[in-house]
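The residues making up each chain are set out below.
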Amino acid sequence: MEDLNDKEPGDTETLLCRLGRAPAEHAGMVNVPIYRGSTIVSETLEDWDIRNKDTPSYGRFGSPLSRALEAAVCKLEGGFRSILFPSGQSACTHSLLACLKAGDAILISDGVYAPVRAFADSVLARLQIEAQYFCPTRPSELAAKISANTRAIYLESPSSTTFEVQDVPALVAIAHQSGALVIMDNTWATPLYFRPFEHGVDISIQAATKYIVGHSDAFLGSCNCE
Ligand SMILES: *Cc1c(COP(=O)(O)O)cnc(C)c1O
């Protein structure tokens, strides 16, 4: 039942209702309760030391509710690990900062979400990370622009501004051939309609503000790796 690739009708819908929820651990409550807190304590030092490594040790790192949502998103993405961020833009910028260092270059598909372009052209440039852009429907252009210091390529398909659907496997093959990582903003398709890890992508981003939150009343982002 827990396989998104199962083509049995209704399976994905069932998963969406059940993932990340554990009523037996929360007095039967269907949804994991909201935790409000900063400092976290244990009764003894021994208890603190044996805390599960996934259990937050300070409120800034999240709560059992954050971990439950990360587990649900991770399952939907089919990845190894998900990390939540306070916005989609935060997930985008943290993915870039996690992969890049001074002297690296990144190739970004031209129709990318504009604030990511602004971040690349301002903050990444200040960190001596060179951002260049390529036409996402021309894999040959990517191949021509890739260089020895291209550490990553950044895709968004469909693109925010122009809505091209890109040939992700072809772009991934070019990137991987020269050892570059592939970061993809998969907000528009969501893992329900495009499964980045099955096409070789290394990091998949969701602006969860959009479909996952869904009501234009909160910000959330997730970064998922294989
Ligand atoms: C909205 C959006 C973002 C940024 O998400 P926020 O939560 O608004 O910061 C990033 N990528 C895409 C494709 C988006 O549509």
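Keep in mind the model is a prediction, meaning the values are calculated, not measured.

As a further point, take the layout of surface pockets. A volume near 1200 Å³ is recorded for the largest pocket. The wall of the largest pocket is formed by 38 residues, among which Leu65, Leu69, Leu84, Ile212 and Leu220 lie closest to the centre. Elements with a contribution of two residues or more to the lining of the largest pocket: helix H3 (64-77), strand E1 (81-85), helix H4 (88-99), helix H8 (190-193) and helix H9 (209-213). Partitioning the lining of the largest pocket into residue classes produces 22 nonpolar, 10 polar and 6 charged. Looking at the lining of the largest pocket, you find at least three residues from each of domain 1 (12-77) and domain 2 (83-225).

What follows concerns the packing of aromatic side chains. Inspection of the entire model under this criterion finds 2 aromatic pairs. An angle of 65° between the planes, with centres 6.4 Å apart, marks the rings of tyrosine 58 and phenylalanine 61 as edge-to-face. Accessibility expressed as a relative area gives 43% for phenylalanine 61, which makes it partly exposed. A ring pair is formed by phenylalanine 163 and tryptophan 188, whose centres lie 4.9 Å apart and whose planes are at 70°; its orientation type is edge-to-face. Residue phenylalanine 163 is found in the loop between strand E4 (150-156) and helix H7 (168-177), and its partner tryptophan 188 is found in the loop between strand E5 (181-185) and H8; the two are separated by 25 residues along the sequence.

The next subject is the domain arrangement of the chain. Along its sequence, the chain is organised into domain 1 (12-77) and domain 2 (83-225). Measuring from the centre of the C-alpha atoms in domain 1 to the corresponding centre in domain 2 gives 28 Å. Between domain 1 and domain 2, a total of about 880 Å² is buried, with carbon and sulfur atoms accounting for 66% of that surface. Seen at the junction of domain 1 and domain 2, the total is 0 salt bridges. When residues of the side of domain 1 that touches domain 2 are traced back to their parent elements, those giving at least two are helix H1 (11-18) and H3. Considering each element in turn, the side of domain 1 that touches domain 2 owes the most residues, 6 residues, to H3. Of the residues that constitute the side of domain 1 that touches domain 2, the class distribution is 4 nonpolar, 2 polar and 2 charged.

For the peptide bond that leads from serine 157 to proline 158, omega is -10°, which places it in the cis range. In this structure, proline 158 sits in the loop between E4 and H7. Look at alanine 27: it is not a glycine, yet its phi comes out positive at around 55°. Residue placement: alanine 27 occurs in the loop between H1 and helix H2 (45-49). Classification of alanine 27 as exposed rests on a relative accessible area of 78%. Of note in this structure, serine 216 is not a glycine but carries a positive phi near 55°. Examined against the element boundaries, serine 216 turns out to sit in the loop between H9 and strand E7 (221-225).

It is worth spelling out the site of the ligand at this point. Lining the immediate environment of the ligand, one finds 13 residues, of which Gly88, Gln89, Asp185, Thr209 and Lys210 sit closest. Separating an oxygen atom of the ligand from a side-chain N or O atom of lysine 210 is a distance of 2.8 Å. With the chains in place, 93% of the 380 Å² that the ligand exposes on its own is no longer accessible. Contributions of two or more residues to the shell around the ligand are made by H4 and H9. Of the residues contributing to the shell around the ligand, the split by class is 4 nonpolar, 6 polar and 3 charged.

About the thresholds
- Residues numbered from 1 in each chain as written.
- Predicted model: local features only at pLDDT ≥ 70, side-chain atom pairs only at ≥ 80, totals over all residues.
- Heavy atoms only, no water.
- 1 Å grid on protein atoms, 1.4 Å probe; cavity = no way out; pocket = protein on both sides within 12 Å on 5 of 7 lines; lining within 4 Å.
- Points joined across faces, edges and corners; volume = space filled by probe spheres on them.
- Helix = DSSP H or I, 4+ residues; strand = E, 2+ residues; numbered from the N terminus.
- Nonpolar A, V, L, I, M, F, W, Y, C, P; charged D, E, K, R; others polar.
- Domains from an automatic or database assignment.
- Phe/Tyr/Trp six-rings, centres within 6.5 Å; stacked < 30°, edge-to-face > 60°.
- Buried < 20%, exposed > 50% of the residue type's maximum accessible area, 1.4 Å probe, protein only.
- Buried area = accessible area lost by both parts, 1.4 Å probe.
- Salt bridge = Lys/Arg side-chain N within 4 Å of Asp/Glu carboxyl O.
- Near = heavy atom within 4 Å.
- Polar contact = N/O pair within 3.5 Å; in protein donor to acceptor, adjacent residues only side chain to side chain.
- Areas by Shrake-Rupley, 256 points an atom, 1.4 Å probe, with all protein chains shown as cover.

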